[in-house]
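Per-entry structural report
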Amino acid sequence: MDYKQYQEYSNIQAALEIRRENVIEILQLFVLISNIQKLTFMKYDFKYNNFVYGFTIDGYDIIDDDINFINNKYSIILKDGDVIFGKITFNKKIWYRSVLRELLKKSKLALRKIFEIEKDLLSQNTPLNIFIVTDKNTVKFANKLETNLDILLNAEITTTHDVMKISDKLNKKNSKNIIIYTVQNNDLIKDDEEILRSFNEFVIVIGPNDHHLSLTCGKLNIENYISIDEFSPERIKNIILDTKYKLINKNKNDNKIIAVGGVSGGIGATTISMNAADLIAKNNPNKNVLYIDLSTTKAISNLFLTQNPIPNETIIDLVNYGDFNLKKNLELGMEKVRENFYSINGIQKHIDKDLLEKDNFIEKMLDYILKTSDHFNYIIIDTGTADASSLKSTIYDLVNEIWILTEMTLPHVSKLKTFYSLMKRAGLKDKVSFVVNRVNSLNEISSSDFDSIMNTSSKEDKLMYLKIPNDYQTLGKCWNYCELASQISKDSIFIKTLEDILRQKEYIGNSTKKPTNKKSLFSFLNKD
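Scope of this entry: the structure provided in the associated data block.

Scoring rules and cut-offs
In this numbering scheme, every chain counts its residues from 1 along its sequence in written order. In keeping with the predicted nature of the model, local features appear solely for residues at pLDDT of at least 70, side-chain atom pairs appear and are counted solely at 80 or more, and the whole-chain, interface and lining totals rest on all residues. Computation of side-chain values: all heavy atoms of the structure, hydrogens and water removed. Only residues above 30% relative accessible area that lack a salt bridge enter a patch, with like-charged residues linked at up to 9 Å and the nonpolar side chains Val, Leu, Ile, Met, Phe, Trp and Tyr linked at up to 5 Å. Here the open area of atoms and residues is found with the Shrake-Rupley method and a 1.4 Å probe, where only the protein chains shown may cover a residue. For salt bridges, the criterion is a side-chain nitrogen of Lys or Arg within 4 Å of an Asp or Glu carboxyl oxygen. In this text, helices come from DSSP runs of H or I with a minimum length of four residues, and strands from runs of E with a minimum of two, each type numbered from the N-terminal end. Accessible area is worked out with a 1.4 Å probe on protein chains only. A residue is then buried under 20% of its type maximum, exposed over 50%, and partly exposed in between. Should DSSP find at least two bridges between two strands, the strands are regarded as paired. Interaxial angles span 0 to 180 degrees and are taken between N-to-C directions of axes, which are lines fitted to C-alpha atoms, for helices over the stretch in contact. The criterion used for residue contact is that any of the two residues' heavy atoms lie within 4.5 Å. Call a crossover right-handed when, viewed with both strands pointing away from you, the route from the first strand across the helix to the second goes clockwise. We call two directions roughly parallel when the angle between them is under 35 degrees, roughly antiparallel when it is over 145, roughly perpendicular when it lies between 65 and 115, and oblique otherwise. Definitions for this section: a left-handed crossing has its near helix turned counterclockwise from the far helix by less than a right angle. A right-handed crossing has that turn clockwise. Here, nonpolar core refers to any group of buried Ala, Val, Leu, Ile, Met, Phe, Trp, Tyr and Cys residues whose side-chain atoms link them within 4.5 Å.

1. Structural notes on a nonpolar patch on the surface
On the surface, a nonpolar cluster with roughly 480 Å² of combined accessible area is contributed by Leu 29, Leu 32, Ile 33, Tyr 60 and Val 99. Per-element tally for the nonpolar patch: the top contributor is helix H1 (residues 3-34), with 3 residues. Within the secondary structure, Ile 33 is located in helix H1. For Ile 33, a relative accessible area of 32% translates into the label partly exposed.

See the structure below:
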């Protein structure tokens, strides 16, 4: 939790405490005016559908553990519409005067505020949308479920008969979306089978205890099938809240890990990898994208992605923790940029570079990335400067593709030639793509000179390289304010060119490339 999040959380807790004190003060006045001396407040528990002890007012004293007055003869339910906040109990009859009615009205207003704040605390940072898709036989049940969930959760709830009507909202991916099917048989699920396969959302099915329906859900990787006999609104609420730290990733066979590095520092690896990750996430709302800053100098991506100048935790903390657990990862340094885009901070101290190069850390990091690949469809690793260190060599072995950035100057291309020779000897040539950054800069050599220096043999295909123009006006402004060009300069030549590269590589846009049976070094990660 960073300082901003901590401050927001503290403000919410302070507001909650003020509202609770308001309720106590109002009920103290109620006790004095009604002359009943003692009053017990019972809070309504939605989970168990009953009242639990809150506190007792005894004159001017507030007692937190006196439960003798729970079964008082007289009581008043405190509610607003369908929402029950609690009740007050007392042991003698009162004269229900207008001033007491006014006090109870004020107490319900304060309890309403508490109710809304507690709903906010149960929700998450991004808005929560719940879509209930119902067949014609379960309409009444779905409407009742909508009413219950509206009380239990801070969410926007929509009931529909056609899942296609909500596809536009799902594709925006600016909220946590949960789909609940209420069905009497498996007909609706089978009708929606294709679109459910394409969604990367959390799906719950409520229906009869039917073997065929259960099998249909299993084929679609729907983990939460609830028999109507075991249904309760509170159970649905708990399942929904448990998804706060859960990523859905149904199509693991298409997962990609991409390493981006430059032949020298300052050549644009961080700029290109951050913007590429953001573009992939925006253009693939049903895919999960993770950006990892693994540069071995002091990292700066945190300034652009989360506007956090001094992160407390980095890649080192996450890797050393071990098992991949999203909730724990978010506490240890993984940052949520938006609903389908996450990032991991790089090291913040130069002395941490030694930790990155230790053999035991590299082994742990390899295991960590393998586990994260089960949750993220695209992992973009910013390796900083490309070299043949143990750390970078491990990364190059692991990934599907290696982007090596260079400029069309003699010193840069000479370094590129040396590095590419190492890649060929390591058997990684087919993974490498050259990205020429800042094309049309000063001292640039020609394309023919580039190929001549790289010394491509006649037996090899001529090296194809990708070009990004020198858009210093756009990127200079972005760097001054630590903002992504993909966010504030969407029509710039830099972003348009980067989008073309990603489209050419079929990372964004509609892919028409047919799958092949060719195995890659990464094929062992392709698990169902």
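After that view of the structure, there is still more to cover.
2. Focus on the sheet that holds strand S2 (residues 50-58)
Ordered by their spatial adjacency, 5 strands build an open sheet running S3-S2-S1-S5-S4, and the pairing between neighbours is antiparallel. Only two strands of the sheet have a single partner each, and these edge strands are strand S3 (61-63) and strand S4 (74-80). Neighbour-to-neighbour, the strand axes of the sheet open up by a mean angle of 25°, direction not taken into account. For S4 and strand S5 (residues 83-90), the ladder comprises 7 bridges, and the chain directions are antiparallel. If you follow Ile 76 over to S5, its bridge partner there is Ile 88.

3. Looking at the sheet that holds strand S11 (residues 256-262)
Hydrogen bonds between backbone groups are what pair the strands of a sheet, and the pairing can be parallel or antiparallel. Ordered in space as S13-S14-S12-S15-S11-S16-S17-S18, the 8 strands form an open sheet in which the pairing is mixed. Every other strand in the sheet has two partners, leaving strand S13 (334-338) and strand S18 (465-469) as the edge strands with one partner each. Direction aside, neighbouring strands of the sheet carry axes that sit 20° apart on average. Pairing geometry for S13 and strand S14 (residues 341-344), over 4 bridges, is antiparallel. Across the sheet, residue Lys 336 finds its bridge partner in S14, namely Tyr 342. On the sheet, helix H9 (residues 269-283) packs against S11, strand S12 (289-293), S13, S14, strand S15 (378-385), strand S16 (401-406), strand S17 (432-439) and S18 and is oriented at approximately 175° with respect to S15. Across the sheet, helix H17 (residues 447-454) is in contact with S16, S17 and S18; its angle to S18 comes to roughly 135°.

4. Looking at the pairing of strand S10 (residues 224-227)
Side chains of S10 alternate between two faces, with Asn 224 and Ile 226 and Tyr 225 and Ser 227 buried alike. In this structure, strand S9 (residues 202-207) lies alongside S10, joined through 4 bridges in parallel fashion. By the bridge assignment, Val 205 is partnered in S10 with Tyr 225.

5. Details of the pairing of S17
It is a general feature of regular strands that their side chains alternate between the two faces of the sheet. Of all 8 residues in S17, 7 are buried; the element is thus mostly enclosed. Of the pairings in the sheet, the one linking S16 to S17 comprises 5 bridges and is parallel in character. When the bridges of S17 are listed, Trp 403 appears paired with Ser 433. In terms of handedness, the path from S16 via helix H16 (residues 410-425) over to S17 forms a crossover that is right-handed.

6. A look at the environment of Lys 237
Summarising the element assignment, Lys 237 is placed in helix H8 (residues 233-242). Along the sequence, Lys 237 and Leu 153 sit 84 residues apart, while their C-alpha atoms lie 7.2 Å from each other. Among all residues touching Lys 237, those that are not within four sequence positions of it are Leu 152 and Leu 153.

7. Some points on the packing of H9 against helix H20 (residues 493-504)
The geometry of H9 relative to H20 is characterised by a closest axis approach of 10 Å and an angle of 65° between their N-to-C directions. Between H9 and H20, the crossing angle belongs to the class labelled roughly perpendicular. Judged by the twist between their axes, the crossing of H9 over H20 is right-handed. Note on element contacts: H20 touches H9 through Phe 494, Ile 495, Leu 498, Glu 499 and Leu 502, opposite Thr 271, Ile 272, Asn 275, Ala 276, Leu 279 and Ile 280.

8. Points about the nonpolar core
Formed by 86 residues in total, the largest nonpolar core has its most connected members in Met 334 and Trp 403. When near neighbours in sequence (up to four residues on either side) are disregarded, Trp 403 contacts Ile 258, Ala 259, Val 260, Gly 261, Ile 272, Ser 433, Val 435, Leu 498, Ile 501, Leu 502, Lys 505 and Tyr 507. Formed by 27 residues, the second largest nonpolar core is a distinct cluster that contains Ile 26, Ile 76, Ile 94 and Phe 115.

9. Notes on the pattern of salt bridges
Summed over the entire model, instances satisfying the criterion amount to 16 salt bridges. A salt bridge links Lys 336 to Glu 339, with the shortest nitrogen-to-oxygen separation between them at 3.1 Å. By relative accessible area, Lys 336 is classed as partly exposed at 27%. Linking Asp 430 and Lys 429 is a salt bridge whose minimum nitrogen-to-oxygen distance equals 3.5 Å. Within the structure, one salt-bridge network assembled from shared partners comprises Asp 80, Arg 112 and Glu 116.

10. Quick word on the environment of Asp 352
Among the secondary structure elements, Asp 352 is positioned in the loop between S14 and helix H13 (353-356). Relative accessible area serves as the criterion here: at 11%, Asp 352 is assigned to the buried category. Sequence separation of Asp 352 and Lys 298 is 54 residues, and the distance between their C-alpha atoms is 8.9 Å. Discounting chain neighbours no more than four positions away, the residues touching Asp 352 are Ile 316 and Ile 347.

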